[in-house]
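Chain by chain, the residues:
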Amino acid sequence: MPELARGERLQIMLNGDELTAVEDFRFHKRMPSRAAAVRELLRRGLAAEGFLVANPTSKSQDFGVLTGEEAEGEEKESGA
């Protein structure tokens, strides 16, 4: 069996309704595990939003609410 290249672990907490939704999706799509179902749901959600693969050069500040110019204005006003 080939080794999978999944070196990162992501741990999440779900409430009962969220877990039921994941399990329903898993069984409806005949997924082999919860992890496979969560990966597929994550992939689908990212694709729906236009983020199939994250840009490795992106920084957390690139995902702010303000645009670049607005953010610079805020920094000047705060004295940063």
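A brief structural summary. (Residues numbered from 1 in each chain as written. Predicted model: local features only at pLDDT ≥ 70, side-chain atom pairs only at ≥ 80, totals over all residues. Heavy atoms only, no water.)

## Things to note about unusual backbone geometry
Thinking step 1. Of note in this structure, Arg 30 is not a glycine but carries a positive phi near 55°.
Thinking step 2. Take Arg 30: it is sitting in the loop between α1 (16-28) and α2 (34-48). (Helix = DSSP H or I, 4+ residues; strand = E, 2+ residues; numbered from the N terminus.)

## Quick notes on a nonpolar patch on the surface
Thinking step 1. A surface patch of nonpolar side chains, amounting to about 360 Å² of accessible area, comprises Leu 10, Ile 12, Leu 14 and Val 38.
Thinking step 2. By secondary structure assignment, the location of Val 38 is in helix α2. (Patch = residues over 30% accessible without salt bridge, like charges linked within 9 Å, V, L, I, M, F, W, Y side chains within 5 Å. Areas by Shrake-Rupley, 256 points an atom, 1.4 Å probe, with all protein chains shown as cover. Salt bridge = Lys/Arg side-chain N within 4 Å of Asp/Glu carboxyl O.)

## Some words on the environment of Phe 25
Thinking step 1. With respect to the helices and strands, Phe 25 occurs in helix α1.
Thinking step 2. Taking the relative accessible area as the measure of exposure, Phe 25 reaches 14% and is therefore buried.
Thinking step 3. Distance in space between the C-alpha atoms of Phe 25 and Leu 41 is 8.7 Å, their sequence separation being 16 residues.
Thinking step 4. Other than its neighbours up to four places away in sequence, Phe 25 contacts Met 31, Ala 37, Glu 40, Leu 41 and Arg 44. (Buried < 20%, exposed > 50% of the residue type's maximum accessible area, 1.4 Å probe, protein only. Contact = heavy atoms within 4.5 Å.)

## Re the pattern of salt bridges
Thinking step 1. Going through the model one piece at a time under the given rule, you end up with four salt bridges.
Thinking step 2. Among the salt bridges present, the one from Arg 43 reaches Glu 40, with a minimum N-O distance of 2.7 Å. Taken as a pair, Arg 43 and Glu 40 lie in helix α2 at a separation of three residues, close to a single helical turn.
Thinking step 3. Taking relative accessible area as the criterion, Arg 43 reaches 45% and is therefore assigned partly exposed.
Thinking step 4. Judged by relative accessible area, Glu 40 falls into the buried class, the value being 17%.
Thinking step 5. A salt bridge links Arg 44 to Glu 40, with the shortest nitrogen-to-oxygen separation between them at 2.8 Å. Of this pair, Arg 44 and Glu 40 both sit in helix α2, four residues apart, which is roughly one turn of the helix.
Thinking step 6. Among the charged side chains, a network of salt bridges with common partners joins Glu 23, Arg 26 and Arg 34.

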